[in-house]
Amino acid sequence: MPVSAQHSPTVRALPAFKDNYLWLIHDGVHAAVVDPGDSGPVLAALAELGLTLTAILLTHHHADHTGGVPALLAHAAVPVYGPRNDRIAAVTVPLKQGDRVQVPGLDVHFEVIDVPGHTLGHIAYYSSARQWLFCGDTLFAGGCGRIFEGTPAQMAGSLAKLAALPDDTAVYCAHEYTLANLRFANAVEAGSPALQARIASDTAKREAGQATVPSTIRVEKATNPFLRYTEPAIIGALVDAGKVDAGAAPLDHFAALRAWKNVF
Ligand SMILES: [Zn+2]
């Protein structure tokens, strides 16, 4: 049996499926998991580290974020935090914008942020004390989630809420999509030195077998085209590619950028 030693809470990435990250928050004794699409990596980590599961936190209803919940509940009957209106039957603590979560067993508090767009009920979990953001499939490193249920206006508004968080906030998104996202960013803002530096840095991480996540709000504001769609260089790229007419509104730029990425 591993010997558990309590420490201040940390976050561990549990890779799952092809490119998902499940996030395990633990203090050496207790653990909570964010978006367990698969129970296998979670149960393995709990056993390896000698941890007791105390909570499940969900950002939205997609199966690659929720599929492991039944098996985890069979392992431990813990509360399931999640959006109030994203059609997740397993949620026992429904949440909405402004709600606060004290994660059971852990010195971690979250504030809930409504971030509709990818799904209509999507929420994010933000800890100001820890400077952590768990944002599911809304803000990605270098990109954003597809707009499956909401509107471009909703997604742009959700991203603006996240971009307003402190610069040092760590962005724990749910997929390793970074290099593909940065290839698109490079197509719309190739002249950005910050973007070129990020491409070099994140490419080196992947070549070394490392995760590029978490990112930070600072890095996203400097390089993520979906937070930079009002930049003249990006608007110029959209116009040059025939994606929008000159003089279009900012929200048209955002929608055109997201539509272009869908087919990039
Ligand atoms: Zn999703």
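A brief report on the enclosed structure follows. (Residues numbered from 1 in each chain as written. Predicted model: local features only at pLDDT ≥ 70, side-chain atom pairs only at ≥ 80, totals over all residues. Heavy atoms only, no water.)

### As for the pairing of strand S5 (residues 80-83)
Sheet topology note: the strand S4 (residues 52-57)/S5 ladder contains two bridges and is parallel. Each residue of the ladder has a partner; that of Ile56, found in S5, is Val80. Where S5 lies against strand S6 (residues 93-95), three bridges are found, and the strand directions are parallel. Opposite Pro83, over in S6, you have Leu95 as the bridge partner. (Pairing = 2+ DSSP bridges. Helix = DSSP H or I, 4+ residues; strand = E, 2+ residues; numbered from the N terminus.)

### Description of the packing of helix H5 (residues 178-188) against helix H9 (residues 250-262)
Put simply, H5 and H9 touch, their axes get as near as 11 Å, and they point 125° apart. By the angle between their directions, the pair H5 and H9 is classed as oblique. Handedness of the H5/H9 crossing: right-handed. From H5, Ala180, Asn181, Phe184 and Val188 reach across to H9, where they touch Leu257, Trp260 and Lys261. (Axes fitted to C-alpha atoms, helices over the stretch in contact; angles between N-to-C directions. Parallel < 35°, antiparallel > 145°, perpendicular 65-115°, else oblique. Left-handed = near helix turned anticlockwise from the far one by under 90°. Contact = heavy atoms within 4.5 Å.)

### What to know about the sheet that holds strand S10 (residues 132-136)
The mixed open sheet is built from six strands, whose spatial order is S7-S8-S9-S10-S13-S14. Of all the strands in the sheet, just strand S7 (100-102) and strand S14 (215-216) have a single pairing partner and so form its edges. Note that strand S8 (residues 109-114) and strand S9 (residues 123-127) share four bridges and pair antiparallel. Each bridged residue has a counterpart across the sheet, and for Asp114 the counterpart in S9 is Ile123. Across the sheet, helix H4 (residues 152-163) is in contact with S8, S9 and S10; its angle to S8 comes to roughly 150°.

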